[in-house]
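The chain contents come next:
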Amino acid sequence: MDFRQLEAYAKVIELNSFSKAAEAIAMSQSSVSIYISSLEKELGTTLINRSTKEMSPTLSGKLFYESAKELLSLKHNTIYRIKNISENFSGEISILASSVPAQYILPKAVAVFSRAYPDISFNVKQIESFDVARSIASQKADIGFLGGTVVEDKCEFREFMTEKMVFIAPSHDKGFLDSKEYPLEELLYGHNFISREKNSGAKFQYESFFLEQDINLSKINSSISFDNNQSIINAVINGLGISIVSEFAARAYIEQKMIKVIRLKARLPERKFYFVLKKNFSHSHLVKLFIEFTANEFRE
């Protein structure tokens, strides 16, 4: 039994004619007859009385017509919904993000997006950088946000913005002069450096930069690490040491003169941020819309 059989049968009943039904659905009359005969054979009953000049459905035929119309209506509604899903701007987008995107980028991005599309909700969860891509590859969320790339063959990484990293010290520490450019060796070997946790994307990025500048990582004076920028900034404010953090995270504290930016002889690299998406996967129109909207927002 298929939809063409149901369509042929319904038209015959509605138009009370094999020939008119065939014309209405652009099919030959013989094909319509074959379809209905095959239906009767499959169902094991007669659906249409053919003994008189004026054909009519049997009792079974009347019951089957009602079911056929329900099935044809379901088919029509399903096709309509699928074809028009791109115009339905409601639903939920699940996001996994490392600390800087989760704490400083997504709140702004989601707020701006939600003003344009208020019926789309979000579920944002912060996890470690190396777990974001692994989780997206396992389809545990729709999209990921990272401040760098990791090795994950099942994911693609699309850059959408960059930001500065800054070397910070407490504002009350008079040992750091605003006019001086400091060599990395003096800062890292001579002061307590507050680091990020082992699996941090930021840590991987600035340590790669240190190595390019011939810094011996084992000689860095570091007695404590934190898993987020906020804790590091508070530790710097309280005189625990100096550190490198996201400029996004540090901006308000710099403006309030709670921390200061240390000038370096070697310029810190800009940090790139990426959308993380599962490869060879059909992403929803909501996810595509959010990606395009966010990329444009931060590009501007």
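Along each chain, the written sequence defines residue order, and numbers are assigned to residues from 1. pLDDT decides what is reported in this predicted model: residues at 70 or higher carry local features, side-chain atom pairs at 80 or more are listed and counted, and totals for whole chains, interfaces and linings draw on all residues regardless. For side-chain calculations, the full set of non-hydrogen atoms in the structure is used, while hydrogens and water are omitted.

A.B. asks: Mind showing me how you'd approach the packing of aromatic side chains here?
C.D. replies: Two measures describe an aromatic ring pair: the distance that separates the ring centres and the angle between the ring planes. Stacked, tilted and edge-to-face are the three classes assigned to paired rings of Phe, Tyr and Trp, where Trp is represented by its six-membered ring and a pair needs centres within 6.5 Å; plane angles under 30 degrees give stacked, over 60 edge-to-face, the rest tilted. The final tally for this structure, using the stated rule, is 17 aromatic pairs. Look at Phe-113 and Phe-293: their rings are 5.2 Å apart centre to centre, the planes differ by 85°, and that puts the pair in the edge-to-face class. Here Phe-113, found in helix α5 (residues 99-116), pairs with Phe-293, found in helix α11 (residues 285-299); they are 180 residues apart in sequence, far enough to count as distant. With relative accessibility at 0%, the residue Phe-113 sits in the buried group. Relative accessible area serves as the criterion here: at 22%, Phe-293 is assigned to the partly exposed category. Taken together, a centroid distance of 5.9 Å and an interplanar angle of 65° make the contact between Phe-167 and Phe-193 edge-to-face. A run of H or I in DSSP counts as a helix once it spans at least four residues, and a run of E counts as a strand once it spans at least two, with each numbered from the N terminus. Three labels apply to residues, based on accessible area from a 1.4 Å probe with only protein chains included: buried if under 20% of the type maximum, exposed if over 50%, partly exposed otherwise in between.

A.B. asks: Could you clarify how one ought to interpret the sheet that holds strand β4 (residues 120-126) in this entry?
C.D. replies: As a general point, the strands of a sheet are linked pairwise by backbone hydrogen bonds and lie either parallel or antiparallel. Read across the sheet, 5 strands follow the order β4-β3-β5-β12-β6 without closing on themselves; strand pairing throughout is mixed. Edge positions in the sheet fall to β4 and β6 (155-163), since each has one partner strand and no second. With strand direction ignored, the average angle separating the axes of adjacent strands in the sheet is 25°. Here the rule is simple: two strands pair whenever DSSP picks up at least two bridges between them. Pairing of strand β5 (residues 143-146) with strand β12 (residues 271-278) involves 3 bridges; the strand directions are antiparallel. If you follow Phe-145 over to β12, its bridge partner there is Phe-275. Any two residues having at least one pair of non-hydrogen atoms within 4.5 Å are treated as being in contact. For every element, the axis is a line fit to its C-alpha atoms; helices are fit only across the contacting stretch, and the angle between N-to-C directions ranges from 0 to 180 degrees. In the packing of α5 onto the sheet, contacts are made with β3 (91-97), β4, β5, β6 and β12, and the angle to β4 comes to roughly 175°.

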